[in-house]
Amino acid sequence: MPRLETLEPWVGLANIRLNPYAAPVLNTGNLFTMRIYLIFITCFLAGCGSFRSKAPELVKSSNVVVYKSQQVPAYGTEPGKKDTAATDPVYTSLKYYATELLKAAPGTKSVLFNEAGTSLFAMNLEGMSVYQFDQGSRKVVRQFRFKPTKGTGWDYETDKPISSFEEKPVEACFSHDDRILWVSLHNAGGIVPLPVDSSFHIPQDRQAEGQELKKVYITGIDAGSDSLNVPLIETGKTPKIISRTADSRYLLVSNWHSYNVSVLETDTLQWPYAKLVTNIPVSSIPRGIVVDDQTNKSYVAIMGGATIDVIDNNNWKKQDPIQVASNPRHIVMDSSGHIFVSYNKLAKIACLDAATGKTLFTAATSAQPRTIILSDNKKFLFVTCYSSDKVEVYKINDDSFTKLTSLPCKGHPVGVDLFENDSELEAWVCSYTTGSISVFRFKKQ
């Protein structure tokens, strides 16, 4: 079970004091006033009872649970059906107020919320597992553990190959309405589909000849234990980031040691559910990928160089790259065509115009900024800073970043994802050397 160190939120309710001596005097001159008074008291008390018993109305959004009621519910409330007419809450500032610490597994490398925001999946590289956390209870409700097989890994300190195991999860991506979680395996040269929703089933009697399989043991609090074989879809050597097109038809995978990006076409009705379309060569080590479905382009951070490569998604051909500062690691994009970049060695973040390739503004960070992520309103950028053990939050202005806070986070933080409701924002940050997840809680203002 995860260990929690938490400061619970509190919600103050206004105390309304009724003066018993303030009742009107019974006489013919104020009888009508008395009746009005009694009706008011009756309606008020009924309204209070209704306020206390009424559950907040919920809607789902991308990685967000939006609470439409003005009440502040306890975290973990089950979300309802998506209301497409709902709008995201407006907030202009964030105020940090608490941290919770959860135990994951050795070498947690990345974290990812499902679309509803009800579950967070942690990819545990050294633990050779994927943990599913319930957002509300903070408990591990399901574990996917890979059967280890010998393989060759990589020592990033010495830049030399080492003896290791193939089944080491690095990054992940949901597709097909969160039915499939695609996970990159660091030393296996490919990715695997995990059936995280019961509507997607991987039959064990159907497989292509010569298809490599990976054994997965599944345990859950209520479901007991089970196992299944999942297909390994070959990409390139040392796959990292997985990204997808909006329709879930294509997956893009950055392959660290192959100097290429794999494009896979998915098919949920045919084993092994994805096939290689092409491998796109890049100039050096690729890492972050973001897909822009509005322009049908993909952008790849070339961490081993000083460019962001641009791919035409209509024909999977490279276009002229965007020239940037050295060592771009992770990239994200907002809806206005701005790309945000973390520069690992330079300890900087930047905002770029995707159309022109121009760098609009930058800011210094603590050492080794790794994963970055935008808030739901695209006004705040969260940055994990690996060697400095910090998580930093920046407000995005029209022409600059403003650092709001720099929070300590032990164990070399690397991955981050966000949960939001109408009044709060939670940054779930995984630390690699401690195998833990810190939940940083903010009030929206």
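Scroll up for the structure.
In this report, the structure presented in the accompanying data block is examined. Note that this is a predicted model, so its numbers are computed, not measured. (Residues numbered from 1 in each chain as written. Predicted model: local features only at pLDDT ≥ 70, side-chain atom pairs only at ≥ 80, totals over all residues. Heavy atoms only, no water.)

## Some points on the pattern of salt bridges
Tallied over the entire structure, the rule returns 15 salt bridges. With a closest N to O distance of 3.4 Å, Glu392 and Lys403 form a salt bridge. With Glu392 in strand S30 (residues 390-396) and Lys403 in strand S31 (residues 401-408), this pair connects stretches of sequence that are eleven residues apart. Given the relative accessible area of 42%, Lys403 is considered partly exposed. Glu424 is the salt-bridge partner of Lys443, the closest N and O atoms lying 3.4 Å from each other. Placement of the pair is Lys443 in strand S34 (residues 436-444) and Glu424 in strand S33 (residues 424-431), with a sequence separation of 19 residues. (Salt bridge = Lys/Arg side-chain N within 4 Å of Asp/Glu carboxyl O. Helix = DSSP H or I, 4+ residues; strand = E, 2+ residues; numbered from the N terminus. Buried < 20%, exposed > 50% of the residue type's maximum accessible area, 1.4 Å probe, protein only.)

## Thoughts on the sheet that holds strand S27 (residues 359-364)
If you trace the four strands from one edge of the open sheet to the other, you get S24-S25-S26-S27, paired in antiparallel fashion. The open sheet is flanked by strand S24 (328-333) and S27, the only strands paired with a single partner. The sheet shows a mean angle of 20° between the axes of neighbouring strands, taken without regard to direction. As defined by bridge partners, strand S26 (residues 348-353) adjoins S27 across five bridges and the pair is classed as antiparallel. Looking at S27, one finds that Ile349 is bridged to Ala363. (Pairing = 2+ DSSP bridges. Axes fitted to C-alpha atoms, helices over the stretch in contact; angles between N-to-C directions.)

## Description of the environment of Ala364
With respect to the helices, strands and loops of the structure, Ala364 is situated in strand S27. Residue class for Ala364 comes out exposed when judged on its relative accessible area of 52%. Put simply, Ala364 and Lys348 are 16 residues apart on the chain and 4.5 Å apart in space, counted from C-alpha to C-alpha. The residues contacting Ala364, other than those within four sequence positions of it, are Ala347, Lys348, Tyr394 and Lys403. (Contact = heavy atoms within 4.5 Å.)

Bear in mind that shape data such as this cannot, by itself, settle questions of function.
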